Amino acid sequence: MDPRISRTTLRVRGYHLDGYGHVNNTRYLEFLEEGRWAYFDEHSDLSAPLQQAGIALVAVNINIDYCAAAVAGDDLEIRSRLSAIGTRSGKMTQEIHRLGDDTLISRATLTFVLLDMRSNQPQPIDGPLRDKLLSLVLE
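All values reported here derive from a predicted model rather than from experimental measurement. (Residues numbered from 1 in each chain as written. Predicted model: local features only at pLDDT ≥ 70, side-chain atom pairs only at ≥ 80, totals over all residues. Heavy atoms only, no water.)

A. Region of interest: the nonpolar core. Within the largest apolar cluster, 15 residues are counted, with the highest numbers of intra-cluster contacts made by Y39, L82, I85 and L133. Broken down by secondary-structure element, the contributors of at least two residues to this core are helix 1 (27-42), helix 2 (44-53), strand 3 (75-85), strand 5 (104-116) and helix 3 (127-136). The leading source of residues in this core is strand 5, at three residues. Apart from residues lying up to four places away in sequence, L82 is in contact with Y39, K91, M92, F112, L133, L136, V137 and L138. Counting residues in each nonpolar core, the second largest holds 13 residues, with V12, V23, I96 and I105 among its members. (Core = buried A, V, L, I, M, F, W, Y, C linked by side-chain atoms within 4.5 Å. Buried < 20%, exposed > 50% of the residue type's maximum accessible area, 1.4 Å probe, protein only. Helix = DSSP H or I, 4+ residues; strand = E, 2+ residues; numbered from the N terminus. Contact = heavy atoms within 4.5 Å.)

Shown next, in the form of structure tokens:
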């Protein structure tokens, strides 16, 4: 497996469902966030220096395509990867697949910026951090 792709799993529970018995569309944001947390847990060499410097990766946009329904009892895998790094923002692409048949449930692209938590100002993506982020990009 490619170490640039983080994979985490979860089981769909009853409280994830809408009145039609499918995962509610808003729950996918939570599933995707779980995937991003797992990604940065796996890349602590990236997240630790950011935290020490008071810099946060902040979501500024997310686009989700819903491809198939997930239901209670489904085991899902969230696959997360960096897909682009610019000078002021980056993109993370995430996919949710049903384990067992590998059906694509949803696909999302999240745009993020670096935010200096002290000044509340966006920061350029440059220097060693940019090099590290670029080394993780998988288009």
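Structure shown, so let's carry the discussion forward.
B. Quick peek at the pairing of strand 1 (residues 6-11). Of the two faces of strand 1, only the one carrying S6, T8 and L10 is buried; R7, T9 and R11 on the other face are not. Two strands pair when backbone bridges link them, and strand 1 and strand 3 are joined in this way by six bridges, in the antiparallel orientation. Counterpart to R7 in the pairing with strand 3 is R79. (Pairing = 2+ DSSP bridges.)

C. Layout of the pattern of salt bridges. Inspection of the entire model under this criterion finds 11 salt bridges. For the salt bridge of K132 with D45, the shortest nitrogen-to-oxygen distance reads 2.7 Å. You can see K132 sitting in helix 3 and its partner D45 sitting in helix 2, a full 87 residues away along the chain. D45 sits in the partly exposed class, given a relative accessible area of 44%. Among the ionic pairs, D74 bridges to R98, the shortest N-O distance being 3.0 Å. Residue D74 is located in the loop between strand 2 (55-66) and strand 3, and its partner R98 is located in strand 4 (residues 90-98); the two are separated by 24 residues in the primary sequence. R98 carries the same exposure label as D74, and that label is buried. A single salt-bridge network, built from bridges that share partners, covers R7, E77, R79 and D102. (Salt bridge = Lys/Arg side-chain N within 4 Å of Asp/Glu carboxyl O.)

D. Spotlight on the side chain of H16. Mapped onto the fold, H16 is located in the loop between strand 1 and helix 1. Of note is the side chain of H16, whose polar atom sits 2.8 Å from the backbone nitrogen of R13. Contact partners of H16, with chain neighbours within four places excluded, come to R11, H22, V23, N24, R27 and F31. (Polar contact = N/O pair within 3.5 Å; in protein donor to acceptor, adjacent residues only side chain to side chain.)

E. Spotlight on the environment of Q51. Positionally, Q51 belongs in helix 2. As a C-alpha pair, Q51 and M117 span 66 residues in sequence and 9.6 Å in three-dimensional space.

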